[in-house]
2 protein chains.
Amino acid sequence: MPIPLVTRILVADDHPIVRSGLKKIIDAQPDMEVVAEADDGAEAVKKALSDDVHLAILDVSMPKTTGIQAADELHKRKPELKLLMLSMYDSEQFLFESLKAGASGYVLKSDADQDIVEAVRRTMRGQSFLYPSAVSTLVKDFVDRGRPEEEQFDILTPRELQVLKLIAEAYTSKEIAQELVISVKTVERHRQNILDKLGMSDRVELTRYAIRRGLIQP
Amino acid sequence: MPIPLVTRILVADDHPIVRSGLKKIIDAQPDMEVVAEADDGAEAVKKALSDDVHLAILDVSMPKTTGIQAADELHKRKPELKLLMLSMYDSEQFLFESLKAGASGYVLKSDADQDIVEAVRRTMRGQSFLYPSAVSTLVKDFVDRGRPEEEQFDILTPRELQVLKLIAEAYTSKEIAQELVISVKTVERHRQNILDKLGMSDRVELTRYAIRRGLIQP
DNA sequence: GTCGCCATCGGGTCGAGGCCCCATCTCGGG
DNA sequence: CCCGAGATGGGGCCTCGACCCGATGGCGAC
């Protein structure tokens, strides 16, 4: 498939101003154009499938359906669609999950005004674009590949996500147990599993993680 | 002082894309123009004083010097400068602090693309602009004014801000004590005072508050 | 079918966090 | 000059969180 003369782009971010800023930068380029916008992962999937979109720029952290989930689904249902992830955070976990979900690029919001045009062009040429320190992260991961069958990195189960969300909303274990109609012990078990999987050690870290993921608002 | 034909605006936000989005919307208006940008409160103060700026749009939550601190200083040193606060959050506390710091308007980021132009025009005319539910908040506060000398709402002391920051970075009390070279008891005393002042009850809520304030990144 | 993952529930330990009491010292403002 | 606020420290209380141990049923993959 040849590279289109004008790349038709969908922009998904929950903040209208960010979309507006991206649109300004992109529409100033002769070879690209924003043809659709979405403020949530689910909407992004719908619009990216129906519209004639070449490339989707997805914010990793969006309420309800995150950018990663959207990327995953889009990659399965429309493999020829290019995916470019946008994130506030230099996070190893998000980077890996994005790449696993089929993203070709990962741009930090703090550098997006400079990087986004280049990232779109590179992505459309079939290459990848990662922000500088992401490359180091990938190299480090490559070197560390000594561990034979270790889990590499994890995703939480749906139930664990529910519990995490409530923890980050300052519910106590007892309150979570009532809310989910399970025992306190089970809540604590889930919490422990989440802490183990993420390599964290208390609720404060979980809270920050939940916010980074877009599970809750600060 | 007459209203200038073209309002000269400074935009301060730590995310370049947000600045870019605001600039796009503002520069599309014939009667306003972005003449300076800043990514931090301190820089905003410097530029707003030196440049010939009529109005400053300040993000409430910025790293290091927050928008509120910047507003406070600008209001003291250049009282004729109009101040428009921009925030991610519908927060009573931030609203009150902004108004106390001399801001004429408070716009939510989620509505900024629609509200910002109107807010700038109203502000330049010497009026106020608040997002809808902020008006209700102010009315409620007015009605509640029954309490005679109650502290109304608080701000944290510098020391308390230090402690809060470390708590939100998942330091334990013991670690904070070591870091600040004080006793664990004092740390817990500070933590308790912070909780009391903010009307909160655990570290998770403090963490979310610290993030909203821009004290730390998630 | 067996193995592993997920979700559920129980026991126990120990320290930290959350919530009271108290006091001292310093410093700036009325 | 004293008062209040900020910062510091201590004693004690009880709950909850963080980290171990164990088990069982279900469900999907190989």
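Residues numbered from 1 in each chain as written. Chains lettered and ligands numbered in written order. Predicted model: local features only at pLDDT ≥ 70, side-chain atom pairs only at ≥ 80, totals over all residues. Heavy atoms only, no water.

Student: Report on the protein's contact with DNA strand C, specifying residues and quantitative values.
Tutor: Taken together, 20 residues sit near DNA strand C, with T157(A), R159(A), S183(A), H190(A) and S173(B) positioned nearest. When the atoms of DNA strand C within 4 Å of the protein are grouped by moiety, sugar and phosphate amount to 69% of the total. A distance of 2.6 Å is found between a phosphate oxygen of DNA strand C and a side-chain nitrogen or oxygen belonging to S173(B). In the model, a phosphate oxygen of DNA strand C is placed 3.4 Å from a nitrogen or oxygen of the Q192(B) side chain. Elements with a minimum of two residues in the surface near DNA strand C: α7 (158-168) and α9 (184-198) of chain A together with α8 (173-180) and α9 (184-198) of chain B. Among the residues forming the surface near DNA strand C, the class breakdown is three nonpolar, eight polar and nine charged. (Near = heavy atom within 4 Å. Polar contact = N/O pair within 3.5 Å; in protein donor to acceptor, adjacent residues only side chain to side chain. Helix = DSSP H or I, 4+ residues; strand = E, 2+ residues; numbered from the N terminus. Nonpolar A, V, L, I, M, F, W, Y, C, P; charged D, E, K, R; others polar.)

Student: Got a sec to walk through the relation of the copies chain B and chain A? Specific residues and values, please.
Tutor: Overlaying chain B with chain A gives an RMSD of 0.0 Å, the required rotation being 180° about an axis along which the chain moves by 0.0 Å. When the rotation and shift are considered jointly, the pair of chain copies conforms to a two-fold rotation axis. Closest to the rotation axis within chain B is the C-alpha of G21(B), separated from it by 1.8 Å. A high fraction, 100%, of the interface residues of chain B reappear at the interface in chain A, so the copies pair face to face through one surface. (Least-squares fit on C-alpha atoms with pLDDT ≥ 70 in both. Contact = heavy atoms within 4.5 Å.)

Student: Please provide a residue-by-residue account of the protein's contact with DNA strand D, values included.
Tutor: Around DNA strand D, the surrounding shell holds 19 residues, and the nearest of these are S173(A), T157(B), R159(B), S183(B) and H190(B). Near the protein, within 4 Å, the atoms of DNA strand D are sugar or phosphate in 68% of cases. At 2.7 Å from a phosphate oxygen of DNA strand D is found a side-chain nitrogen or oxygen belonging to S173(A). Elements with a contribution of two residues or more to the surface near DNA strand D: α8 (173-180) and α9 of chain A together with α7 (158-168) and α9 of chain B. Among the residues making up the surface near DNA strand D, the classes are represented as three nonpolar, eight polar and eight charged.

Student: Residues and numbers for the domain arrangement of chain A, please.
Tutor: Many authors give the size of an interface as the accessible area that is lost as the parts come together. Parsing chain A into structural domains produces domain 1 (7-143) and domain 2 (158-212). Averaged C-alpha coordinates put domain 1 of chain A and domain 2 of chain A at centres separated by 29 Å. (Domains from an automatic or database assignment.)

Student: Mind laying out the sheet that holds strand β3 (residues 55-59) of chain A, listing which residues take part and the relevant values?
Tutor: Residues and elements named next belong to chain A. Reading across from one edge, β2-β1-β3-β4-β5-β6 is the order of the six strands in this open sheet, with parallel pairing throughout. Each edge of the open sheet is held by one strand with a lone partner, namely β2 (32-38) and β6 (129-130). Pairing between strand β5 (residues 105-108) and β6: two bridges, direction parallel. Bridge pairing links Y106 to L130 in β6. Running at roughly 135° to β2, helix α2 (residues 41-50) makes contact with β1 (7-12), β2 and β3 of the sheet. (Pairing = 2+ DSSP bridges. Axes fitted to C-alpha atoms, helices over the stretch in contact; angles between N-to-C directions.)

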